[in-house]
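A closer look at the structure
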Amino acid sequence: MSKNICFIDGLEGVLKYREVDINELVKLPYDAVSYLLIRGRLPGEQELAEYSARLHAERRINKEVIDVIRMCNFNIDAMAALRTVISFISQFDPDLNDSSPEGNMRKAIRLIAIVPTIVATYYRMANGKEPLPPDPSLSHGANFLYMIKGSKPDPLDAEVMEKDFILSAEHELNASTFSSRVTASTMSDLYSAVVSGLCTLKGPLHGGARAEVMTMLDEVASPENAEKFVLEKISQREKIMGFGHRVYKTYDPRGVIFKQLSKKLAESKGDMHWYTTAEAVENVVVRELVEKRGKPIYPNVDFYSGVIYKYMEIPPQLATSIFAIGRVSGWIAHCFDQYERKKIIRPRAFMLDEC
Ligand code: SDX
């Protein structure tokens, strides 16, 4: 078992979950990465089969939950609906107050399994469609796309969605993981800790950036406009969404993979428009901020993932909740670690200047 949930080298642009490099992890199914994060090692073939079977069997949500989603005001984005429903659904979990490792593992599997179903159900009802039951035969990524679109996704879309969930799954003590961890450190239940993470991830400086990137790409509209758009943002000292990172002072290794995936999608769909527009924005930002001003502002995890959602016709309202679908495994891994420590997290105010 690797005690080290996540390793980041912000100068070299290296990311590992439990000592396995992200470039290796994206070759695996999400279920295997989720198992790795939570149990601390990769599953054997039989262990993965059993774990996937349990996850896929727990994807369904009951009628009461569907009725609550139907009552959600659909002007709120999917993250607000997700936060609401995870809170509501916790009352149905017989293990809610069972803080034993076995009880927590049962809750973990239910949470990882139902987050995509809640998001997809919300999305379809927000668009006047009836929800679709999950398909236990499909992977995490393929099942999510099936539930939102109503048809089996093409293999490349399913592959890209699966890799998105893996690339979003864990990132050490980012703001939302820290929130989850603080909640778990008080020995509060796992549902409450996940709700803390959801509330924090929602912010535009954190998980909300993906939706902002999609809106920004609409505004830029073409590669020819990138120069003017970026120079205006810089002159107004406005932050460019999808760029910069507190830890990475070089290219975010997840951004490298997302860029490759977005180019693969663009080529497969015979439409380079969004990819070339995004690349033009990247080239101006790097030239102006990195090369001219020496500021290490590179694309982060949210820039090319926003491009991918454009090609997969996923609306901005779903972007952050897709991040949450991947990240819930990381939050849970950190909560389990916190439950083992049995020690409340209580920083001092003077530390805030260093955060
Ligand atoms: C995520 O922590 C994690 O691991 C998070 C995450 C994860 O997996 O959980 O990686 C996910 O949240 C990625 C980040 C998504 N957010 C965005 O893309 C929003 C845009 N980015 C910025 O808000 C910013 O880069 C942050 C919040 C990501 C990081 O900010 P920092 O480290 O606090 O940097 P800063 O705000 O102190 O800025 C330092 C300088 C400033 O210039 P000066 O005042 O020194 O002249 O860099 C500039 C900033 O203006 N800068 C940017 C910029 N980001 C920083 N300038 C233009 N565009 C940007 N995006």
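Residues numbered from 1 in each chain as written. Predicted model: local features only at pLDDT ≥ 70, side-chain atom pairs only at ≥ 80, totals over all residues. Heavy atoms only, no water.

As recorded in an unreviewed UniProt entry, the protein chain goes by the name Citrate synthase, listed as coming from Methanosarcina acetivorans. Listed in UniProt under the heading Catalytic activity (unreviewed entry), the comment for the protein chain reads: "oxaloacetate + acetyl-CoA + H2O = citrate + CoA + H(+)". In the Sequence similarities (unreviewed entry) part of its UniProt record, the protein chain is described as follows: "Belongs to the citrate synthase family." (UniProt positions renumbered as here; feature names shortened; annotations may be inferred.)

Quick look at the nonpolar core
Counting 119 residues, the largest nonpolar core has Ile86 and Ile332 as the members making the most contacts within it. Looking at which element gives the most residues to this core, the answer is helix α6 (residues 101-126), with 14 residues. Three or more residues apiece are contributed to this core by two domains, here domain 1 (6-204 + 318-341) and domain 2 (209-311). Beyond its immediate stretch of four places on either side in the chain, Ile86 contacts Leu111, Ile114, Val115, Ile118, Tyr191, Val194, Val195 and Leu198. (Core = buried A, V, L, I, M, F, W, Y, C linked by side-chain atoms within 4.5 Å. Buried < 20%, exposed > 50% of the residue type's maximum accessible area, 1.4 Å probe, protein only. Helix = DSSP H or I, 4+ residues; strand = E, 2+ residues; numbered from the N terminus. Domains from an automatic or database assignment. Contact = heavy atoms within 4.5 Å.)

Looking at the side chain of Asp337
Within the secondary structure, Asp337 sits in helix α16 (residues 316-341). Residues in contact with Asp337, not counting those within four places in the same chain, are Lys3, Ile5 and Arg181.

Structural notes on the site of the ligand
In the region of the ligand, 23 residues are neighbours, and His171, Lys239, His245, Arg246 and Arg254 sit closest. The side chain of Arg237 places a nitrogen or oxygen atom 3.3 Å from an oxygen atom of the ligand. Note that a nitrogen atom of the ligand is positioned 2.8 Å from one of the backbone N or O atoms of Phe243. In terms of residue class, the shell around the ligand is made up of 9 nonpolar, 7 polar and 7 charged. For the shell around the ligand, the domains that each give at least three residues are domain 1 (6-204 + 318-341) and domain 2 (209-311). (Near = heavy atom within 4 Å. Polar contact = N/O pair within 3.5 Å; in protein donor to acceptor, adjacent residues only side chain to side chain. Nonpolar A, V, L, I, M, F, W, Y, C, P; charged D, E, K, R; others polar.)

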